[in-house]
Amino acid sequence: MASKVKYLSLTVVLVCLVNIAFSANAQTLNVEKYEKAEQKLVKFTDKLITGNVDYPSWSNSDQLLYRSHTEQGEQFFILDAKTKQKKLAFDHQKLATALARITEKEVNQEKLPFKSFEIVSKNKISLKVKGKAYQCNIESYLCKLTKNVAKKNELVAPNGDQAVFIRENNLWLRNINDNSEKQLTTDGIENFGYATNNAGWVRGKKPVVKWSPDSKKLTTFKHDGRNVGEMGIVSTAVGHPKIDVWKYPLPGDENIFKIHRVVIDVEQAKVTPLTMPADDHRSTITDHVAGRDGSLLDVDWSADSSHFAFVSSTRDHKTATLKMADATTGKVRTILSEVEESFFESGVSGISWKYLDKSNEIIWFSQRSDWGHLYLVDATTGKIKNQITQGDWTVLELLDINQDTGKLIFTGAGKEGGDPYFHYLYSINKDSSNLTLLTPEKKHHRITLSKDAEYFLDRVSTPNQAESSFIRSTSSKSGFVVEQMDISKLTATGWQAPTPFIVKDRNGEHDIHGLMYKPSDFDASKSYPVVNYLYPGPQVGSIRGRHFRTARGDNQAIAELGFIVIEIDALGTPGRSKSFHEFYYQNMGDSGIPDQVAAIKQLAKQHSWIDSSKVGIWGHSGGGFASTRALLTYPDFYSVAVSQAGNHDNRNYADEWGEKYHGVLVKNEDGTTNYDSQANQLIVDNLKGKLLIAHGTTDTNVPPYNTLVVVEALIEANKDFDMLMLPNRGHGFAREAYMMRKRWDYFVQHLMAVTPPKEFTFSKAK
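Residues numbered from 1 in each chain as written. Predicted model: local features only at pLDDT ≥ 70, side-chain atom pairs only at ≥ 80, totals over all residues. Heavy atoms only, no water.

Asker: Sorry if this is basic, but what is going on with the sheet that holds strand β36 (residues 455-462) here?
Answerer: The strands making up a sheet are joined through hydrogen bonds of the backbone, oriented either antiparallel or parallel. With antiparallel pairing, the four strands of this open sheet are ordered in space as β35-β36-β37-β38. This sheet does not close on itself; its edge strands, each paired only once, are β35 (444-449) and β38 (479-484). Taken over all neighbouring pairs, the strand axes of this sheet differ in orientation by 25° on average, direction set aside. Here five bridges tie strand β37 (residues 465-473) to β38, and the two strands are oriented antiparallel to one another. Across the sheet, I471 pairs through a bridge with F480, a residue of β38. (Pairing = 2+ DSSP bridges. Helix = DSSP H or I, 4+ residues; strand = E, 2+ residues; numbered from the N terminus. Axes fitted to C-alpha atoms, helices over the stretch in contact; angles between N-to-C directions.)

Quick look at the structure:
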């Protein structure tokens with residue numbers, strides 16, 4: 001009888017243990033957690049501040065135009081830098097009524113349907129609503145549709161009266177005032193047309209040209225893609241899908257895009273080829289030869305429009321050659337060449353070389369000293385006359401040069417001590433004299449320079465200190481406050497700023513800077529799993545700007561679910577020394593991941609509430625690649641990854657990207673290549689943790705095959721993983737509601753080990 005009682009007791013105990021275990025596994029995170037997390041997204045947090053300065057621009061008469069969130073809603077202001085007078089730009093209710101009348105749509109005066117405007121005259125402004133241009137009289141408050149404006153596929157000349165566009169592979173000129181057209185070129189054919197805007201990973205219909213100052217000439221190219229390989233994307237639909245096929249060169253391709261440079265006299269419709277071989281489709285700083293407005297990069301015209309300086313870059317990005325072209329004859333001469341062992345760049349935040357036609361000199365940016373600095377070069381001999389800036393800090397971008405006074409204005413970082421990512425504004429003479437700091441606070445400065453470079457808007461903040469905005473002079477210490485951000489309503493909700501921190505890199509040599517996010521109900525006696533957000537670069541880092549923001553993506557939102565969120569700018573990211581930036585050149589499989597691991601381990605030693613045994617990681621695009629890479633290279637450290645739109649093998653991504661940062665493809669006799677070291681599909685056998693891999697099926701930037709080659713390898717290796725293919729989505733789905741919810745769910749389920757609320761629905765911000 002005694003033995004039978006023992007047996008029954010044991011059975012009861014086992015049943016209870018099973019029930020307890022089942023109950024623990026079935027624990028569900030309260031939906032209120034998700035609702036609270038959602039309130040930390042920017043669509044809610046930005047509404048709780050006032051005194052910001054958004055979409056700033058300058059008029060020709062030193063007036064600052066901007067939008068600010070006020071107690072009365074979003075309002076537009078005009079501020080005169082000379083008189084310091086600030087006023088509402090217009091009567092918002094009357095303008096709302098005028099726009100509602102002409103658009104036949106409801107318009108709310110507290111949220112007008114445009115972000116910026118321009119001053120046409122004393123009583124007229126111009127603005128755009130849903131792609132249509134309007135001119136509004138702000139005395140009578142009557143608006144009319146502006147017909148004589150450039151179209152989306154046109155690039156306007158400096159005189160504003162004419163624009164060029166592409167028709168059937170040739171360049172055409174349109175008179176904006178009378179709509180008359182003139183054909184400028186006639187020999188353009190398919191895949192060998194004029195001014196084609198295609199880098200493979202990005203395309204556009206606007207032509208790529210650089211107008212001369214007098215609007216009588218332009219320089220452009222014939223874009224040779226005749227032997228370039230193709231990329232194809234198929235839409236999802238009932239019935240026949242749309243099939244998009246276009247030219248898209250890849251690393252290692254025998255043929256990439258070539259540009260045959262020409263100069264065109266638009267009055268005579270005369271095309272003059274430059275006397276030089278075709279250039280590789282490369283620029284000195286970005287992965288395209290076109291700027292955001294369509295302008296041809298790395299070209300600087302003389303003031304009299306007779307000639308222009310330009311830079312030719314080699315396919316491997318190592319050599320930049322500065323040249324001069326005669327705009328009448330097309331004759332080209334070489335001024336100088338600079339060669340880097342890794343990759344040449346002409347600036348950090350923007351192209352920072354400039355032709356000084358009045359003195360026949362060049363301002364040239366170089367990192368030959370391991371730091372980005374400006375040099376004065378003789379435009380005839382190509383010899384350096386003097387180094388303008390120097391020291392263990394970097395010039396970020398040359399903003400202006402006054403050729404009469406020789407005064408340069410530029411942004412820089414690292415000179416003032418403290419956070420090396422804080423941006424400052426400086427002036428200096430081209431003979432290197434009188435270096436002057438124009439932004440005194442040891443904070444991050446966002447600069448908007450006036451058109452005459454006499455004044456600048458200075459938005460001053462840090463990641464955890466609200467922004468103060470000033471108008472300051474570039475020639476004196478004078479300045480005054482424009483707006484002071486008020487975040488009292490935001491902080492009243494329990495909102496908290498991220499915490500900046502400093503750790504050491506993997507080798508204990510460099511300071512690595514990061515931000516940490518904690519839940520607003522943080523309890524130091526508890527232990528929190530970690531979510532590591534990353535973007536590895538190399539062109540930018542994870543944090544992207546040290547200015548104040550009410551939300552940085554969904555970092556704080558994820559923290560609210562019960563995580564510690566950590567992001568750093570690791571080795572291999574820009575803004576510091578050249579050696580820091582090029583750290584993993586030719587080894588993109590590194591992606592700064594060892595620094596991510598080192599940072600979290602150091603922080604866990606400092607803080608008992610960080611549970612370094614439960615670490616997840618996520619990223620998008622380059623971060624999609626790196627998060628999978630982290631899970632596969634550190635399988636005993638990272639246990640969960642959410643990888644979105646990743647370029648998992650750069651042999652499947654843009655040639656301009658891969659060949660710049662990983663080098664030109666080299667195939668070995670044994671069948672291996674130098675790109676194997678970065679190919680995620682080759683190391684899937686290492687997978688131990690949970691992987692959610694996602695991609696948009698119509699992503700034309702990073703085509704979905706980048707993810708599918710990894711998926712194919714995972715299946716071949718018989719590995720468990722989760723996949724989410726989003727139909728008819730391009731590259732930018734990172735914070736789309738469904739993807740964000742799946743990301744949150746994945747970390748809650750697999751890192752926190754509780755069940756997320758089922759099918760949480762995000763609300764729509766009003």
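Asker: What am I meant to see in the sheet that holds strand β12 (residues 181-183) here?
Answerer: Taken in spatial order, the four strands of this open sheet run β9-β10-β11-β12, and their pairing is antiparallel. Here the strands that pair on one side only, and so sit at the sheet edges, are β9 (155-156) and β12.

Asker: Help me understand the side chain of E659, please; the structure alone is not making it clear to me.
Answerer: Locating E659 in the fold gives a position in helix α10 (residues 655-661). Under the relative-accessibility criterion, E659 is labelled buried at 0%. In terms of polar contacts, E659 uses its side chain to reach the side chain of R282, at 3.0 Å. (Buried < 20%, exposed > 50% of the residue type's maximum accessible area, 1.4 Å probe, protein only. Polar contact = N/O pair within 3.5 Å; in protein donor to acceptor, adjacent residues only side chain to side chain.)

Asker: Which parts of the structure should I look at to understand the state of the cysteines?
Answerer: Simply put, disulfide is the name for a covalent bond between the sulfur atoms of two cysteines. According to the stated counting rule, one finds one disulfide in the structure shown. Here C136 connects covalently by a disulfide to C143, the sulfurs 2.2 Å from one another. Disulfide C136-C143: the torsion about the S-S bond is 110°, which places it as right-handed. Grouping residues by exposure puts C136 and C143 together as buried. (Disulfide = S-S within 2.5 Å.)

Asker: How should I be thinking about unusual backbone geometry in this particular structure?
Answerer: Trans peptide bonds make up the majority, and among non-glycine residues the majority have a negative phi. With an omega of 5°, the peptide bond running from G537 to P538 counts as cis. Positionally, P538 belongs in the loop between β41 (528-533) and α6 (555-560). One non-glycine residue, N169, lies in positive phi territory at about 75°. Along the chain, N169 falls in the loop between β10 (162-167) and β11 (170-175). On the basis of relative accessible area, N169 is assigned to the partly exposed category, the value being 28%. Located in the positive-phi region is A453, a residue other than glycine, with phi close to 65°.

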